[in-house]
Amino acid sequence: MSDTEVRVRYAPSPTGMQHIGGVRTALFNYLFARSKGGKFILRLEDTDRTRYDEKYVQNLYDTMAWLGIDWDEGGDKGGEYGPYVQSERFELYKKYAEELVAKGEAYYCFCDAERLERIRKIQTENKMAPGYDRNCRHLTEDEVKANLAAGKPYVIRLKVPLEGETVFHDHLLGDITWKNEDISPDPVLLKSDGFPTYHLANIVDDHLMKVTHVMRAQEWIPSTPLHVQMYRSFGWEHPEFCHLPMVNGSDGKKLSKRHGSTSLNEFRARGYLPQAIINYVALLGCSYEEGRDFYTLSELAENFKLEHLNKAPAVFDYKKLEFYNANYIRQLSTEELYKWTLPFITGTGDATLEINPDNPQPKPNVGPQFSGVAMGEDGEPYCVDKSMNMTSADVKKTLMGLMPLIQERLKFLTEAAEMVHFMFTEHAPLAAEQVVPKKLDLAKTKEVLEAAKEFVAKVFETDHETAEAFAKETAEKLGIKLGDFMMPVRMAVTGSRVSPPLIGSIAVLGKERALARIERQLAAL
């Protein structure tokens, strides 16, 4: 197929939210298509109607849009090989299933549920391999006609060869040989209600949509011999296969909720940037340029090669993803950082997405309860504490002033809420044990806060470097370390250990408010 246009697809079943494994499959297919100047197809395999939900379809589109993964055909774009939703193609599947029966490659099966259940019980009790016993494979033509004429319900099953082997080549794993006796015995292609099974719909769609390469997780390897047999039954050439390495947790087991976030919605709710997700996920099981860690989506596409995929399972490292996220946060402009953090500051947008309660990662502290800022019906932020007398314009201006200060300290967008809180509420004086450093006593801490008044004044009289130097000098005069000087001041001024750099915080807060807070704290000690 070297002279054929590369055509790949991401074909999820809308029976759940998009997760990190699915995203990696979509991303690798997208990158391969872009690297070859080919087409990336988005197809909905919605034959499982019992678990289907329209919200999962919307989640698919929302996730792809958030990540910036664009498709060429399918979804709302259509294309010449549509429709790209399997539930809209049922007549097509029935036609091809009947075609296999006519060719002698498939057959009508009239076994009812009770008989199939008896077979399952016998196989279980006798520790036999599970699967259909091929009872109807041997019906005569007259018996089949009689059953059809009587209106007896039926399914259509594939005739899997009883002997021999199925061999196929995998780009990553090489040649794979599978004994035909180990393939699921004569699986159903078309169900009694006319719905196709996954296998039939998948093969027919891939062929008719001219898919050249199937890139999917290695958990699909056991299904591939069956798919190869189906292609042979139809007389079609099968696509090239590439089964991607698994994604495991740090314990070596398949990534799951017990390790942390796996749903893309949860990563969004926990304050990750799409750039970080894209960059890190693209590196799971694939290498690019030696000694380089950071790539844009277009750079990843330029450098993607199938031969750079790894056979071994990839390990999902949340700490490394955190590193990527912090790096991309540093690269945002002030306006971009404001846009990305505002939902978490106000408790709107991504901050409202569901978080798995069983996730071992703590739930982030977001929204007005932690920031003091809410979102008005007009779409503008406002200060919850009305006594602050801040207009929406004041709130936005203050937040914009805080963005450069909090940027260097953010690992997640969610952390912004607590960091800006001190600007939008007048906290009550803290108890002595919250303000007094471990190495100081109450009397010395009062000395520090008295000396801090002059330090605050310096912040507004000089530049940052001079104010910082003055703080060091003051600490030396008091015979204490700089940290033991700054900590009580931070607690008095911001009311929290979670805040932006102190000098910048004082500058944004204003001289009058900063001094008033120090005075209140002194009076309470």
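Throughout this document, residue positions are counted from 1 along each chain, in the order its sequence is written. Under the rules for a predicted model, residues below a pLDDT of 70 receive no local features and side-chain atom pairs below 80 are neither given nor counted, while totals for whole chains, interfaces and linings still include all residues. Hydrogens and water are ignored here; the side-chain numbers use all heavy atoms of the structure.

Brief notes about the nonpolar core
Ranked by size, the top nonpolar core spans 111 residues in total, and within it Leu-31, Ile-277, Phe-304, Phe-316, Phe-424, Phe-455 and Phe-485 carry the most contacts. Secondary structure is summarised from DSSP: a helix means a run of H or I of at least four residues, a strand means a run of E of at least two, and numbering begins at the N terminus for each. For this core, the leading source of residues is helix α1 (residues 20-35), giving nine residues. Apart from the residues within four sequence positions on either side, Phe-485 is in contact with Val-448, Ala-451, Ala-452, Phe-455, Ala-471, Thr-474, Ala-475, Leu-478 and Ile-480. As used in this record, nonpolar core signifies buried Ala, Val, Leu, Ile, Met, Phe, Trp, Tyr and Cys residues forming a set joined through side-chain atoms within 4.5 Å. For the exposure calls, accessible area comes from a 1.4 Å probe over protein chains only, and a residue counts as buried if that area is under 20% of its type's maximum, exposed if over 50%, partly exposed in between. Leu-158, Leu-189, Val-204 and Phe-234 belong to the second largest nonpolar core, which has 25 residues in total. Contacts: residue pairs with any heavy atoms within 4.5 Å of one another.

Section: the sheet that holds strand β4 (residues 106-109)
Paired through backbone hydrogen bonds, the strands of a sheet run either parallel or antiparallel to each other. Whether two strands pair depends on DSSP finding at least two bridges between them. On the basis of which strands lie adjacent, the open sheet formed by three strands has the order β4-β5-β8 and antiparallel pairing. Across the chains shown, the open sheet's two edge strands, defined by having one partner strand only, are β4 and β8 (188-190). Averaged over all adjacent pairs, the angle separating strand axes in this sheet is 45°, with direction ignored. Pairing geometry for strand β5 (residues 155-158) and β8, over two bridges, is antiparallel. Counterpart to Arg-157 in the pairing with β8 is Val-188. Of the strands in this sheet, β4, β5 and β8 are in contact with helix α3 (residues 90-102), which crosses β4 at around 105°. Angles run from 0 to 180 degrees between N-to-C directions of axes, and those axes are lines fitted to C-alpha atoms, restricted for helices to the stretch in contact.

Observations regarding the pairing of strand β6 (residues 165-170)
The alternating pattern of β6 places Thr-166, Phe-168 and Asp-170 on a buried face and Glu-165, Val-167 and His-169 on a face that is not buried. In the sheet, β6 pairs with strand β7 (residues 174-179) via six bridges, with the strands oriented antiparallel. Bridging from a neighbouring strand, Glu-165 pairs with Lys-179 of β7. If you look at the hairpin formed by β6 and β7, you'll find three residues sitting between the two strands.

Topic: the packing of helix α6 (residues 198-208) against helix α7 (residues 224-234)
At a minimum axis distance of 10 Å, the contact between α6 and α7 shows a crossing angle of 60°. Of the possible angle classes, the one that applies to α6 and α7 is oblique. Where α6 crosses over α7, the two elements pack in a sense that is right-handed. Listed contacts from α7 to Tyr-198, His-199, Leu-200, Asn-202, Ile-203, Val-204, Asp-206 and His-207 of α6 are Leu-226, His-227, Met-230, Tyr-231 and Phe-234. Side-chain classes follow a simple rule in which Ala, Val, Leu, Ile, Met, Phe, Trp, Tyr, Cys and Pro form the nonpolar group, Asp, Glu, Lys and Arg form the charged group, and the remainder, Gly included, forms the polar group. Within the contact of α6 with α7, the residues separate by chemical class into eight nonpolar, four polar and one charged. Roughly parallel means an angle under 35 degrees; roughly antiparallel, over 145; roughly perpendicular, 65 to 115; everything else is oblique. Here is the rule for handedness: rotate from the far helix to the near one, and if that takes an anticlockwise turn smaller than a right angle the crossing is left-handed, while a clockwise turn gives right-handed.

Brief notes about the pattern of salt bridges
By salt bridge we mean one thing: a side-chain nitrogen of Lys or Arg within 4 Å of a carboxyl oxygen of Asp or Glu. If you walk through the whole model with that rule in mind, you get 31 salt bridges. Between Arg-43 and Glu-45 there is a salt bridge; the shortest N-O distance is 2.7 Å. Taken as a pair, Arg-43 and Glu-45 share a single burial class, namely buried. Among the ionic pairs, Arg-49 bridges to Asp-46, the shortest N-O distance being 2.9 Å. When its relative accessible area of 3% is taken as the criterion, Asp-46 is described as buried. By sharing partners, the salt bridges in this structure join Arg-9, Arg-43, Glu-45, Arg-89, Asp-205 and Asp-206 into a single network.

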